[in-house]
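# Report on the structure
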Amino acid sequence: MRAHRCFVAAALVAGLLYPSAALAVSAPDKGKAWSPKVKSEALYGSKPPSEDPDVQQHFVEGHDGTQLYVETWLPEELNGKVPPKKVPTILIMTPYVSQGVEEYPGNATTPNFVEYFNARGYAVAQHHVRGTGESGGCLEQTSTNQFKDGAAVVEYLGKEAPW
């Protein structure tokens, strides 16, 4: 009985270490790197906040009166394609930002975040968290104030923002 268990164990280990020829065959893609294909089309251009500061640069008042800065890049007409007046908004809340500077500019392997989503009909709002960039107050990472600030910015973008 003991010899039988040893044989079964040895066969199991051999099967794990030396897969059968059928399992060792290359994948159907012959080992090529996977590259996802974008299914959505780029339809619009990108309008930076500096082009219409009265609409695209805004201070939201925090619960304690602190002024919280939000700047928004909007989709704009391109090649005769006009974006709708109301578009969904992607919010970036970050302490690592300066006015007018996109937080995720893109590089050789990734597209420019703002341009990519503007081209597909999304506004991209960048909130300078309390105590950074153009916002007032003192930086309070992961504090109750920062959570309340985020809620105030989301409320503004959802109810008051003209886009």
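Please refer to the structure higher up on the page.
Residues numbered from 1 in each chain as written. Predicted model: local features only at pLDDT ≥ 70, side-chain atom pairs only at ≥ 80, totals over all residues. Heavy atoms only, no water.

Another aspect to go through is the nonpolar core. Counting 13 residues, the largest nonpolar core has Val60, Val70, Tyr156, Leu157 and Trp163 as the members making the most contacts within it. Breaking this core down by element, the ones donating at least two residues are strand 3 (67-76), strand 5 (123-128) and helix 5 (144-160). With four residues, helix 5 is the single largest residue contributor to this core. Sequence-distant contacts of Leu157, defined by excluding residues within four places in its chain, comprise Val70, Thr89, Leu91, Ala125 and Trp163. (Core = buried A, V, L, I, M, F, W, Y, C linked by side-chain atoms within 4.5 Å. Buried < 20%, exposed > 50% of the residue type's maximum accessible area, 1.4 Å probe, protein only. Helix = DSSP H or I, 4+ residues; strand = E, 2+ residues; numbered from the N terminus. Contact = heavy atoms within 4.5 Å.)

What follows is about helix 5. Over its 17 residues, helix 5 extends 23 Å from the first C-alpha to the last, a length consistent with the 24 Å expected when each residue adds 1.5 Å. Residues of helix 5 that are buried: Asn145, Gln146, Asp149, Gly150, Ala152, Val153, Tyr156 and Leu157. Along the long axis of helix 5, the arc covered by the buried residues comes to 160 degrees, so they all point the same way. In helix 5, those exposed residues whose orientation departs by more than 90 degrees from the buried face are Thr144, Phe147, Gly158 and Lys159. The inward-facing, buried residues of helix 5 abut helix 3 (53-56), strand 2 (57-61), strand 3, strand 4 (89-94) and strand 5. (Expected span 1.5 Å × (residues − 1). Arc of directions from axis to C-beta.)

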